[in-house]
Amino acid sequence: MAGALNHDAELPNPDRQRWLALAEKALAGGSFEEKLVSHTDDGIRIEPLYDRSVTAEPLPRANPGSPWIVSQRIDDPDVGRAKAQALEDVAQGATGLSLVFEGAPNAFGYGLPRTAEALETVLDGVPLNRIQVRIDAHPWSRAVADWLVAFLSKRRSDPAKLNLSFGIDPAAIFAGTGRLRMSIEALQASMPQSLAHFFSMGVPGVLLEADGRVFHNAGATEAQELGTMMASAVSYLRMFEEARQPLVYAAPHIGFALSVDQDQFVSMAKVRALRRLWARVQEACSISAATANIHAETSFRMMTSADPETNILRTTIAAFAAAAGGADSVSILPHTIAHGLPAGFARRVARNTQLIMANESHIDHVADPACGSGAVEALTAELCEAAWEEFQRIEAEGGVLSSLQQGHIQKRVQAAAARRNATYQAGDRAIIGTTLHPSKIERPVETLAAERRPAVTEGVAVCEPLFPIRIDQSIGAAS
């Protein structure tokens, strides 16, 4: 018996039909389709076995010779604690800080006070020449950009020598809060002129960002997230084109932020697909392609309140997928975030997870580890196709802001979330520690004392907001 199995396994280049026959024999009457084939939320088929891709080309990060940036969230409403967190994170190895202000869709109810004093206090003493500073997209990103430039002037820092991201993203703000502070028409007309002096400063960073996290955390599929991000990025290009500003200079200042979750290979493919899609958009605009600058953050919707330590496993897989997929910077949500504002231990675990990957596992030593993998290359290509269809759908609806105002994107995201939730409720999917092997012991979880901030209510343009919701909440598995 063993000899026969070894003989079958060692056949040189067995054809697919023979392999299928062996697989079905091993299943002992089980269905190949049911047991060995799966599908993503976009309906993309995932086979159990792929041939190696021999035509694949690497998709390296923007700075392929450098490791990805280990970015830590600074989102504590207490400015004194936030300052201490920032200094501690940098001293212990973080190479980036993500400043999350109150009112941001990605603040999850917390965030730094929306003042210039808070920004200056948090960054005081931080070695800006050695770390990336990114502002998380929020309704007052434009004002924060001015505050940051003023602070740099006080410190006599040359912005051209720093790594900055200003996080200005009207689409993410519109979707995440349901409000814009001016009409869509006024925004589209004023943004190019408003940002003109930043371009003239020659800041080598991201001025405008297409942020897909808002859509992911509300339930979007991978293709919906990517397609919406492309629509946002194209809307920026269109604004500058109408203002007669050269796209070749604007494109390098457009960045991206997306979510990665515990589905390792799909998340790797999503990061890689984003690079390929952005290159395709620039090709269509007849401009030389600038490599996409991608910030990845672990998924909020996958986090659980029950047995929160299992979140460490989820975020580790997600961060690995982001790094192996080629993200330029990665931020891990602390594992206790479902319970409140994370305390020091959870923040340290989040930071050290990345440091171990970078300094001990050396994931960054290969430019594109997934290049040539039949499975990841196939997923990347299929995701590109599905995302491009979503992008074209949004364009046909008048662009991303118009589509949001009319509720088209929201309906598709909500439908995707409902389909996903139904699979969990039917038992076709499981959440370790919550629906599968739930912990019978409820342990205390350490969080910092902080009051949740109310959602933004002011604005001229209005749409149905897409608020973040965890899967365990939506299926009634947790309080």
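The structure displayed is predicted, hence computed values, not measured ones. (Residues numbered from 1 in each chain as written. Predicted model: local features only at pLDDT ≥ 70, side-chain atom pairs only at ≥ 80, totals over all residues. Heavy atoms only, no water.)

> Help me understand the overall build of the protein chain in this model?
When its secondary structure is counted, the protein chain shows 18 helices and 14 strands. The globule rule puts the C-alpha radius of gyration for 479 residues at 23 Å, and the 23 Å found for the protein chain is close to it. Along the three orthogonal principal directions, the C-alpha set of the protein chain runs to about 80 × 55 × 45 Å. A total of 479 residues make up the protein chain; the buried ones form 53% of that total. (Helix = DSSP H or I, 4+ residues; strand = E, 2+ residues; numbered from the N terminus. Rg over C-alpha atoms; globule rule 2.2 N^0.38 Å. Buried < 20%, exposed > 50% of the residue type's maximum accessible area, 1.4 Å probe, protein only.)

> Is there a simple way to explain the nonpolar core in this structure?
Looking at soluble globular proteins, one finds that nonpolar side chains tend to be buried together. By size, the foremost hydrophobic cluster in this structure holds 113 residues, and its most contacted members are Leu99, Phe166, Phe256, Leu258 and Trp278. Broken down by element, the residue count for this core peaks at ten residues, all from helix H10 (residues 222–242). Not counting residues within four places of it along the chain, the set of residues in contact with Leu258 comprises Arg213, Glu225, Leu226, Met229, Lys270, Val271, Leu274, Ile294, His295, Ala296 and Glu297. (Core = buried A, V, L, I, M, F, W, Y, C linked by side-chain atoms within 4.5 Å. Contact = heavy atoms within 4.5 Å.)

> Is there a simple way to think about the pattern of salt bridges in this case?
Think of it this way: side chains of opposite charge can pair up when their charged atoms draw near. In this structure the tally under the stated criterion is 29 salt bridges. Here Arg272 and Glu377 are joined by a salt bridge, their closest N and O atoms 3.0 Å apart. One end of the pair, Arg272, is in helix H12 (residues 264–284); the other, Glu377, is in helix H15 (residues 374–396), with 105 residues separating them in the sequence. The residues Arg272 and Glu377 share a single accessibility class, namely buried. Measuring nitrogen to oxygen at the nearest pair gives 3.0 Å for the salt bridge that ties Glu390 to Arg412. Residue Glu390 is located in helix H15, and its partner Arg412 is located in helix H17 (residues 408–425); the two are separated by 22 residues in the primary sequence. Connected through shared salt-bridge partners, Arg73, Asp75, Arg134, Asp136, Glu209, Asp211, Arg213 and Glu297 make up one network. (Salt bridge = Lys/Arg side-chain N within 4 Å of Asp/Glu carboxyl O.)

> I keep staring at the state of the cysteines and nothing clicks. Help me out?
Note on terminology: a disulfide is the covalent bond linking the sulfur atoms of two cysteines. A complete count under the given rule lists zero disulfides for this structure. Take Cys285: it sits in no disulfide, and the sulfur closest to it among the cysteines is that of Cys384, at 16 Å. (Disulfide = S-S within 2.5 Å.)

> Which parts of the structure should I look at to understand the sheet that holds strand S4 (residues 96–99)?
Hydrogen bonds between backbone groups are what pair the strands of a sheet, and the pairing can be parallel or antiparallel. Strand order in the closed barrel formed by eight strands is S3-S4-S5-S6-S8-S9-S10-S11, with parallel pairing between adjacent strands. Adjacent strand axes in the sheet meet at a mean angle of 30 degrees when their direction is disregarded. The pairing of strand S5 (residues 132–135) with strand S6 (residues 163–168) spans three bridges and is parallel. When the sheet's bridge partners are listed, Val133 is paired in S6 with Leu164. Sitting on the sheet, helix H14 (residues 344–361) is in contact with strand S3 (69–74) and strand S11 (329–331), with an inclination near 170 degrees to S3. (Pairing = 2+ DSSP bridges. Axes fitted to C-alpha atoms, helices over the stretch in contact; angles between N-to-C directions.)

> Is there a simple way to explain unusual backbone geometry in this structure?
Negative phi values dominate among residues other than glycine, just as trans dominates among peptide bonds. Its identity as a non-glycine residue notwithstanding, Phe108 has a phi of 55 degrees, on the positive side. Tracing the chain through its elements places Phe108 in the loop between S4 and helix H5 (116–123). The buried category is assigned to Phe108, whose relative accessible area is 9%. A positive phi is found at Ser286, a non-glycine position, where the angle reads about 60 degrees. Within the element layout of this structure, Ser286 appears in the loop between H12 and strand S10 (293–298).

> Explanation requested: the packing of aromatic side chains in the structure shown.
Remark: the centre distance and the inter-plane angle together describe each pair of aromatic rings, the angle taken between the planes. By the definition in use, this model includes three aromatic pairs. Considering the side-chain rings of Phe256 and Trp278, the 5.2 Å spacing of their centres and the 70 degrees angle between planes classify their relative orientation as edge-to-face. Taken as a pair, Phe256 in strand S9 (residues 254–260) and Trp278 in helix H12 lie far apart in primary sequence, 22 residues in all. For the ring pair Trp388 and Phe391, a centre distance of 5.0 Å and an interplane angle of 55 degrees mean the geometry is tilted. Within this pair, Trp388 and its partner Phe391 are both found in helix H15, separated by three residues, close to a single helical turn. When its relative accessible area of 22% is taken as the criterion, Trp388 is described as partly exposed. Phe391 sits in the buried class, given a relative accessible area of 8%. The side chain of Arg114 reaches across the aromatic face of Trp140, ending 3.6 Å from its centre. (Phe/Tyr/Trp six-rings, centres within 6.5 Å; stacked < 30°, edge-to-face > 60°. Lys NZ or Arg CZ within 6 Å of the ring centre and 35° of its normal.)

> Help me understand the environment of Val462, please; the structure alone is not making it clear to me.
Looking at the secondary structure, you find Val462 in strand S14 (residues 461–462). Aside from chain neighbours lying at most four places away, what touches Val462 is Phe174, Gly178, Arg179 and Gln405.

> I'm lost on the pairing of S10 in this one. Help?
Along any regular strand the residues' side chains alternate between the sheet's two faces. Among the six residues that make up S10, five are buried, leaving the element largely enclosed by the rest of the structure. Where S9 lies against S10, six bridges are found, and the strand directions are parallel. When the sheet's bridge partners are listed, Gly255 is paired in S10 with Asn293. A crossover connection joins S9 to the parallel S10 through H12; in handedness this β-α-β unit is right-handed. Pairing between S10 and S11: three bridges, direction parallel. Bridge assignment links His295 to a residue of S11, and that residue is Ser329. Running through helix H13 (residues 310–325), the crossover from S10 to the neighbouring parallel element S11 is right-handed. (Right-handed = clockwise from strand over helix to strand, strands pointing away.)

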